[in-house]
Amino acid sequence: MPSQQSLLLSEHYGKPDFAKLEGYKKHGGYAVLAKALKMEPKAIIDEVKSSGLRGRGGAGFPTGMKWSFLPANGEPRYLLCNADEGEPGTFKDRLMMERAPHQLIEGMIISAFAIGCKKSYIYIRGEYDFAKEVVAGAIVEAYKAGLLGKNILGSGFDHDMDVYSGAGAYICGEETGMISSLEGLKGQPKLKPPFPAVQGYLRKPTIVNNVETLAAVKYIIRDGAPAYKKYGTEKSPGTKLFSVSGNVVKPGNYEVVLGMPLKDLIFDLCGGLKPGRKLKAVIPGGSSAPVLTAEEAMKATMDYECLAQMGSMLGSGAIIVIDDSNSMVDLLQVIMHFYHHESCGQCTPCREGTGWLSKILHDIASGHAEVKDIDLVKKISEQMMGKTICALSDAAAMAAISFVTKFRSEFEQHLQAGKRTLGSSAHA
Amino acid sequence: MPKIKINGNEVEVPQGSTIIQAFKATGVEICHYCWHPGLSVAGVCRLCMVQIEGMPKLQIACNTEVKEGMVINNTSDVVKETVRWGLDFHLINHPLDCPICDQAGECGLQDQYMKFGQYDPEMAENKVKKHKVVDLGPTVVLDSERCILCSRCVRFTDEVSKTNELGIFNRGDRCEIGTVAGKPLANNYSLNTVDICPVGALTSKDFRFRQRVWYLKEADSICPGCSTGCNVKVNYNEEGLWRIRPRENKEVNGHWMCDVGRDSYKFVNLKNRLVAGKVGQRGSWQEVTATDAARSAGLKLRETVAQHGPDSVALVVTGQYTNEEYHRLFTFFTVNLESNNIFHWMNNPETTKDFDGLLFRGDRNPNTKGVVDALGSFALKAKWEDLQSQLSSRKIKVVVVAGPENQAVFPDMTEKITFFAQAESMIWLTAGQSEALNQTGAETWQIPLKTYIEKSGSFTNVQGKVQTFKVGTTIVAQAFTLSEVVELFSGQELNWNLRPHSLGGVKTNYSIANRGAL
Amino acid sequence: MFKLSKESEDFVKKELSRYEAKYSAIIPSLFRVQKDHGWVPPEAVSVLAKLMEIPEAHINEVLYFYTMFNKRPVGKIHAQVCCNISCAMNGGRELADALCKSFNVQDGVMSADGKITVSRVECLGSCDTAPMMQVNDRYIENLTPELAVRKLKEMGA
């Protein structure tokens, strides 16, 4: 059977009117909200729990479980939509906001109703100016139609929603970094405990979910958990949007069931590699996910379990396909430059480690290093893992370790070949 | 009280303690920079890593609360390796300019490296360049390259002084501490940032480059700057005092003291002091030994009482002496001389009740409460107006004044000296030199006194807390305490064996004595 | 001397009460200053601090944390070329170099005539259309150096 997409969330993305309320309603928009508002909030949470939905932002934490960490009292709480899509290689949330803002808003109102929240924010990365415009416009439409504000659809449920723009900081995609940013601080992650569900935005209980996660809630409530679970594998149910980029013929967003073989995704859906090129490596979940060799990639299926087993992760679903025209030394240099640029600077191992790694990789790439520096990269990376407030340090370290371990011979050959220049330097 | 195990030893610590507090309370060494007991938890230096049984990852001790039965260690190989690397991360971009750094000798990086580091560095890349000699304000200088971004100073200005001058600007290893143009670090608590800076990034303009700290000795004392009575430690050498820093006392000053209080080492030093006795009038002085001056002044006092009765003498005291001195002096006056003419000279009655909400008080005397209590216990009720009328009616022949040792806080010095000099004779007991004495016509004895750091005793602070302190050092060997003066006044001898030895050759380093502000 | 226009001042005041936390108004206010002036001059920090009653150091921390705020003047056309991984694999860095060369500017430094700044930036989330760049607020995708130069020239660079 040829591989195909399973268009659940993205079914109507091709229709231009889907971005507007009228068009959205034509395709059944906000009918699920009406249904949800008649349900018991707890029933919604249970439905999401039993659907097995896992966070689509990167960490893959079960969404229903996250919601159930909220204290049971009536304390005000916040729902924050994480649309700070910054993981290199990821561009699915932008598509979802530009093409289907109401789908996100509907999913958010349902989720907010489930957790008893009266105020939510959509935190959109600053660079996504167009997406911001579309979402803000959709919120205005929703208010006018009585879908936001007081007594939504006569249910007695009140909810307000607003958009907040980031201003250029990858770390604001980390949930507590995002909370800091929304509070008007530097986007530095906060110490845990306390966890956001207990003390988050303005020290109030807070749930942070990714755009895709919140949109998926709508479909779980529409079709019921059992129907949703028909997609994907037992442990990784549902569909997922994968952002495929790099050296494939047809890069783009593809919504497929979880568990699809990576090979099929690359070679069937994305049209494979350019003629004459060979697969060298694949980064399966954004630049933070450890790289897979070509052999690993050919065996991998795109679900949380298989990739974890291979020592990598599904992450945000950004698949970066690397063919044999690339130097792994060069690519790691680019990745390390990124983490150095984005480290928020509060935890010492990350602040200093990312800079150190970036400099060594630059030296290796330009041939001003020795073979023992490859070991040093590994040693530094090992000491950056599990030592900091958030996972940026781990992300940088895991990427570095996977590159220098799996492609060690290429690094060695590169250094033995003496001084040479690769691409143009990643250093500005 | 949860029972926990730290490095194999069972200890009990208060409920709600964090692990680092438990380590500190039980005296177990733990590496850390950003944690400070007087500030919020930042959890960013990542050095106080501990291993907790049952937890897969190492945890930071500063943000983890102890729980009953926790088994904690910071001596396993994995913790040691982590801390070692943690120190390395702190040092890779640090300039390692210890030979020219003023913090050397009391530097967290040096100390912790010697305790927990001692590795061979592998960093071969260029270090990040940052700003040097940044003028943050009137009191503090920053060297950004030395800064380890522990954020203590920023948290201090946010949480304690609440003045918000400092921030950490930029991101990653480009982060730098700084102020914004037009809003310098200028508050009365600014120098606390220097104390809590674990490295040589923030240094005090007043102290930097004056002394190597390992040549300085340290003594505990009480700040005489105001009625709060902050607990302090004083650094000194044979040349005198060099700085005052706060000493923790939860009930009085916490971990802090004000910048004004830190200046109260200056009047103690030799160049501001009266170093021998002086007898004379109208600026024409005969220098005598302090002992001779005190003896002859005492004779004059006793003769006057014998001739004109006890009401012909008066005693004026300021709130700058110890409870023990007041007691001895008041006893001498009321019992030996049978005079109740004892008056309290308040320097700034209008600001006495002022308080900045943190530590600094408008009553710039360390022992106002002490003198008021002593007057009460001797049932002395004389009013300042009585002194006024008795001086102008010439009833008072000899006035004994225990003047302020910290003259800067007595704006009415000149005015009051003229006022006292209406008497025929004045016995002026003081630590410092007073220009105004040169203008008066009264027959005057100047007798040098010791300052707070040169004597033992107690002050009663504004809360009514009696705080004792001991001799730290001696600057003027001839000087007396008020109690010693009383012995000589009454014709007794002092126990000369207990007198401090005169200081050896006092050096003045002119190159630093005449240096500029920075 | 930096001055906030009346409209911008009103905007800032409105933002101050728009969010649950007053400090949340800092980012939108800095964006507003940048919209008016093309960049955020250092003096703006004190002006905003006074208007918003927020400490200067705090506003400066926010200003320097986020890379989208221009801390020095940028050209009328600000071409930000993605040089992160997917773009780098498809010639993003070469594109940036070509633009710098073609407009005779250095990375991140405004041209002498104030018309253009070319900056290398991190992932902009348009990896399927690599290489790409953001010009002022909008994305221009699937570029070649020649195409990019032509587009920028059409825009007046």
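Residues numbered from 1 in each chain as written. Chains lettered and ligands numbered in written order. Predicted model: local features only at pLDDT ≥ 70, side-chain atom pairs only at ≥ 80, totals over all residues. Heavy atoms only, no water.

### Details of the domain arrangement of chain A
Residues and elements named next belong to chain A.
Argument step 1. When its domains are assigned, chain A resolves into domain 1 (16-229), domain 2 (239-323) and domain 3 (328-416).
Argument step 2. Centre-to-centre, using C-alpha coordinates, domain 1 lies 34 Å away from domain 3.
Argument step 3. Domain 1 puts 12 residues into the contact, and the matching count from domain 3 is nine residues.
Argument step 4. Here domain 1 packs against domain 3, burying approximately 840 Å² in sum over the two surfaces, 69% of which is carbon and sulfur.
Argument step 5. It is Tyr 170, Ile 171 and Gln 188 that lose the most area in domain 1 upon contact with domain 3, and together they represent 55% of the buried surface on that side.
Argument step 6. Counting across the domain 1 and domain 3 interface gives zero salt bridges. (Domains from an automatic or database assignment. Contact = heavy atoms within 4.5 Å. Buried area = accessible area lost by both parts, 1.4 Å probe. Salt bridge = Lys/Arg side-chain N within 4 Å of Asp/Glu carboxyl O.)

### Observations concerning the side chain of Glu 145 of chain B
All names here are of chain B.
Argument step 1. Looking at the element boundaries, Glu 145 is found in the loop between strand S7 (140-142) and helix H4 (152-160).
Argument step 2. Here the side chain of Glu 145 touches Lys 130 through a polar contact of 3.1 Å, landing on its backbone nitrogen.
Argument step 3. Here the side chain of Glu 145 touches Lys 132 through a polar contact of 3.1 Å, side chain to side chain.
Argument step 4. The contacts of Glu 145, once residues within four sequence positions are left out, are Asn 93, His 94, Pro 95, Val 128, Lys 129, Lys 130, His 131 and Lys 132. (Helix = DSSP H or I, 4+ residues; strand = E, 2+ residues; numbered from the N terminus. Polar contact = N/O pair within 3.5 Å; in protein donor to acceptor, adjacent residues only side chain to side chain.)

### Topic: the sheet that holds strand S11 (residues 318-323) of chain A
Strand pairing in a sheet relies on backbone hydrogen bonds, with the paired strands running either antiparallel or parallel.
Residues and elements named next belong to chain A.
Argument step 1. Strand order in the open sheet formed by five strands is S6-S5-S11-S8-S9, and the pairing between neighbours is mixed. With one partner strand each, in any of the chains shown, strand S6 (252-257) and strand S9 (292-293) form the two edges of the open sheet.
Argument step 2. Note: strand S5 (residues 239-246) against S6, six bridges, orientation antiparallel. Of the residues in S6, the one forming a bridge with Ser 243 is Asn 253.
Argument step 3. Packing of helix H5 (residues 92-99) onto the sheet brings it into contact with S5 and S6, and relative to S5 it is tilted by some 115°. (Pairing = 2+ DSSP bridges. Axes fitted to C-alpha atoms, helices over the stretch in contact; angles between N-to-C directions.)

### Observations regarding the interface of chain A and chain B
The figure often quoted for interface size is the accessible area lost as the parts come together.
Argument step 1. The partner chain B presents 33 residues to the 33 residues of chain A that form the contact.
Argument step 2. Regarding the contact of chain A and chain B, the summed buried area is about 2,700 Å², with carbon and sulfur atoms giving 54% of it.
Argument step 3. Along the contact surface separating chain A from chain B lie two salt bridges.
Argument step 4. The closest approach of N and O atoms between Lys 379 of chain A and Glu 122 of chain B, which form a salt bridge, is 3.1 Å.
Argument step 5. Taken together, chain A and chain B are joined by 18 residue pairs in polar contact (both at pLDDT 80 or more).
Argument step 6. Elements represented by at least two residues in the side of chain A that touches chain B include exactly helix H14 (328-342), helix H15 (348-365) and helix H16 (372-384) of chain A.
Argument step 7. It is H15 of chain A that contributes the most residues to the side of chain A that touches chain B, 10 residues altogether.

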